[in-house]
Amino acid sequence: MNNIERRDKGMPYISDDEIFKQQKPARVLTQKLNTVDRSDFDAISKLVKELLGKSENAFINPPFYCDYGFNIEVGKNFFANYNCTILDVGKVVIGDNCQMAPNVAIYTAGHPVHPDSRNSAYEYGIGVAIGNNCWIGGNTVICPGVHIGDNVVIGAGSVVTKDIPDWFIAAGNPCKVLRKITDADRKYYYKNNEFDEEAWAHITEMGLACED
């Protein structure tokens, strides 16, 4: 097998000329994205669409960094805030309505632990999956192979090394489940602060105030 085939099977591979050739289009597009007029939202949206391919209403606040772009699959209404990095050696699949705060990093890439093995130049990429309706807090790092379920909140500064199940808040280094998200959380926008009547009426009009 060549190194592209090895990489795509999640096997150890070496970044050779063909690997670097595959990275060039993403480097061109991220260079454009990261130097575009930050107030030109239409231009940003078009570059994001070109970089990520299949996406609907996706938006990224530059700067943004990735290896390939074509290995990132996002659902509807994806948003990533400033300085997001996705090392998409392995496939990164993100569901609908996901938000990422500034400085989120998703790493599918890794290297052997033993220095002799690492010095061989072999590396690997193991995919990451994030479900629907997730909010990833600022400065979070998601490590290779992690699966995050639906309706999950990851607290700021977390290092996610293990899977997180649906409907949980998790945080820390290493990231651990803290508690389940319940219907009691619906009326609060921050800790013990409830939505005001005007905002809650608007949420009700949108059909989001009733139990699932």
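Residues numbered from 1 in each chain as written. Predicted model: local features only at pLDDT ≥ 70, side-chain atom pairs only at ≥ 80, totals over all residues. Heavy atoms only, no water.

Draft legend 1. The overall build of the protein chain, seen in detail. Looking only at helices and strands, the protein chain has five helices and 21 strands in total. Here the C-alpha radius of gyration of the protein chain, 19 Å, is about what a compact globule of 212 residues would show, namely 17 Å. Its C-alpha atoms give the protein chain principal-axis dimensions of roughly 60 × 40 × 25 Å. In the protein chain, which comprises 212 residues, the share counted as buried stands at 39%. For the protein chain, the accessible surface area stands at approximately 12000 Å², while carbon and sulfur atoms represent 52% of it. Separation between the mean location of the 21 positive side-chain charges and that of the 28 negative ones in the protein chain comes to 6 Å. (Helix = DSSP H or I, 4+ residues; strand = E, 2+ residues; numbered from the N terminus. Rg over C-alpha atoms; globule rule 2.2 N^0.38 Å. Buried < 20%, exposed > 50% of the residue type's maximum accessible area, 1.4 Å probe, protein only. Areas by Shrake-Rupley, 256 points an atom, 1.4 Å probe, with all protein chains shown as cover. Lys, Arg positive; Asp, Glu negative; His and termini not counted. Charge placed at Lys NZ, Arg CZ, Asp CG, Glu CD.)

Draft legend 2. Quick look at the environment of Gly145. Along the polypeptide, Gly145 turns up in the loop between β14 (141-142) and β15 (147-148). The class of Gly145 is partly exposed, set by a relative accessible area of 28%. Along the chain, Gly145 and Leu47 lie 98 residues apart, while their C-alpha atoms are 28 Å from each other. If sequence neighbours within four positions are ignored, Gly145 has contacts with Ile126, Gly127, Val128 and Asp163. (Contact = heavy atoms within 4.5 Å.)

Draft legend 3. Representation of unusual backbone geometry within the structure. The linkage connecting Pro62 with the following residue, Pro63, adopts the cis geometry, with an omega of 10°. One can find Pro63 in the loop between β2 (59-60) and β3 (64-66). Cis geometry is adopted by the peptide bond preceding Pro174, which originates at Asn173 and carries an omega value of 0°. Phi is positive for Asn139, which is not a glycine, with a value near 65°. For Asn139, the position within the fold is in the loop between β13 (135-136) and β14. Given a relative accessible area of 48%, Asn139 falls into the partly exposed group. Even without being a glycine, Asn151 presents a positive backbone phi close to 60°. On the secondary structure map, Asn151 appears in the loop between β15 and β16 (153-154).

Draft legend 4. Quick look at the side chain of Ser158. Locating Ser158 in the fold gives a position in the loop between β16 and β17 (159-160). Note on Ser158: relative accessible area 0%, which makes it buried. There is a polar contact of 3.1 Å between the side chain of Ser158 and the backbone nitrogen of Gly172. (Polar contact = N/O pair within 3.5 Å; in protein donor to acceptor, adjacent residues only side chain to side chain.)

Draft legend 5. Quick peek at the sheet that holds strand β18 (residues 168-171). Across the sheet, seven strands lie side by side as β2-β5-β8-β13-β16-β18-β19; this open sheet has mixed pairing. Among the strands making up the open sheet, the edge pair consists of β2 and β19 (176-180). Across two bridges, the pairing between strand β5 (residues 79-80) and strand β8 (residues 99-100) is parallel. For Ala80, the partnering residue across the bridge sits in β8 and is Met100. (Pairing = 2+ DSSP bridges.)

Draft legend 6. The arrangement of the packing of aromatic side chains in detail. As enumerated under the stated definition, the model contains four aromatic pairs in all. Ring geometry for Tyr189 against Phe195: centres 5.7 Å apart, planes inclined by 50°, an arrangement best described as tilted. On the accessibility criterion, Tyr189 (53% relative accessible area) is exposed. When its relative accessible area of 29% is taken as the criterion, Phe195 is described as partly exposed. (Phe/Tyr/Trp six-rings, centres within 6.5 Å; stacked < 30°, edge-to-face > 60°.)

Draft legend 7. Molecular detail of the pairing of β19. Sheet topology note: the β18/β19 ladder contains four bridges and is antiparallel. Within the sheet, the bridge partner assigned to Ile169 lies in β19 and is Arg179. Here β18 folds back onto β19, and the loop between the two strands holds four residues, one of which, Gly172, carries a positive phi near 115°.

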